[in-house]
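Descriptive structure summary
Each chain, letter by letter, is given below.
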Amino acid sequence: MVVGRNMSMMTNFILQGFSENPELQVVLYVLFLGIYLMTLTWNLGLIVLIRMKSHLHTPMYFFLGNLSFFDISYSSSIAPKMLYDFFKEQKTVSFVGCAAQFFVFLGMESTECCLLVAMAYDCYTAISDPLLYTALMSPSFCLRMAITAYTGGFLSGLVQTSSIFRLYFCGPRVINYFFCDLPPLLNLSCSSTFLSQVMNFLVICEVGGTSALIVLVSYGYIIAVVTKTHSPQGQTKAFNTCASHLTTVILFYGSGLFSYLHSSAGYSQDQDKVVSMFYRAVIPMLNSTIYSL
């Protein structure tokens, strides 16, 4: 079995981390620690508030509570390990630990894509069929949508993880990054990565591309409905209903695209790492802030 051979040949990886400049390391450590603590505080606070306030027991806040949970889990799959190892000379992670981290953050990222689709449908239903909204977005239906998002997200994460950790890693074992991400792991493989790259590309297109397309179509219908509303008050109410979700969608997909384009544009490794960390740390912090405004 390939995985068994991987583990016998390579039991751990060494993470390169960020810049070796001591002054820059201190600044980045304080910055990322502050961002992570704010992410935990704001998202946990939002979850508790939704649970405590009965008037927030609505479909929108049900999905928002799940989004906050995803953001906490997503950040926690990367930040604690990174912060713990920040000033260590040798930042090691076990083969199993690397696979677990890879699976969790990919599963959470994919699940968030699916959840944003559910939230887009919620916005569309609230604006297009306000009289039937309560019946259409029943608690049982919302729960089924959330379970579907979890299932789809983590199945895609499992497929991607299996496709990477079936590869033959024979060294060097240095990951030039601050966590176990797809590109640096592919660079360490001594076997052909063609099948793994194809599988990951298909999963990314299916989950990320399809969810983005559905969200765009949903907002196309929403705009069509709003333009037919002649009342300025009605248009303002419709905009307020979806403004937070639309902002979250733009930040999530826009920053992800920017991070990808930046990494493909030939910038230095340190710049790529900071941009990537900004995308993976700041966006989960901002989501709860946007919905709190």
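The paragraphs below set out a description of the structure included in this document.

The rules we used
Residues numbered from 1 in each chain as written. Predicted model: local features only at pLDDT ≥ 70, side-chain atom pairs only at ≥ 80, totals over all residues. Heavy atoms only, no water. Core = buried A, V, L, I, M, F, W, Y, C linked by side-chain atoms within 4.5 Å. Buried < 20%, exposed > 50% of the residue type's maximum accessible area, 1.4 Å probe, protein only. Helix = DSSP H or I, 4+ residues; strand = E, 2+ residues; numbered from the N terminus. Patch = residues over 30% accessible without salt bridge, like charges linked within 9 Å, V, L, I, M, F, W, Y side chains within 5 Å. Areas by Shrake-Rupley, 256 points an atom, 1.4 Å probe, with all protein chains shown as cover. Salt bridge = Lys/Arg side-chain N within 4 Å of Asp/Glu carboxyl O. Pairing = 2+ DSSP bridges. Disulfide = S-S within 2.5 Å.

**Section: the nonpolar core**
- Core analysis: the largest hydrophobic core is formed by 71 residues, its most contacted members being Phe 13, Phe 32, Phe 165, Ile 175 and Leu 185.
- Sort the elements by how many residues they give to this core and helix α5 (residues 95-128) lands first, with 16 residues.

**Thoughts on a nonpolar patch on the surface**
- Taken together, the side chains of Phe 194, Val 198, Phe 201 and Leu 202 present a nonpolar region at the surface, about 430 Å² in accessible area.
- Summarising the element assignment, Phe 201 is placed in helix α9 (residues 194-227).
- A relative accessible area of 55% places Phe 201 in the exposed class.

**Examining the pairing of strand β2 (residues 91-94)**
- The two faces of β2 differ: Lys 91 and Val 93 on one face are buried, but Thr 92 and Ser 94 on the other face are not.
- Across four bridges, strand β1 (residues 12-15) lies against β2 in antiparallel orientation. Residue Leu 15 lies in a different strand from β2, and its bridge partner there is Lys 91.

**Quick look at the state of the cysteines**
- Enumeration over the complete set of coordinates arrives at one disulfide.
- With its sulfur 2.1 Å from that of its partner, Cys 98 forms a disulfide with Cys 180. Across the disulfide from Cys 98 to Cys 180, rotation about the S-S bond amounts to roughly -130 degrees, and the bridge is consequently left-handed. Of this pair, Cys 98 sits in helix α5 while Cys 180 is found in the loop between β3 (174-175) and α8 (182-188), placing the two residues 82 residues apart along the sequence. Of the two residues examined, Cys 98 and Cys 180, each falls in the buried class.

These values are about where atoms sit, not about what they do.
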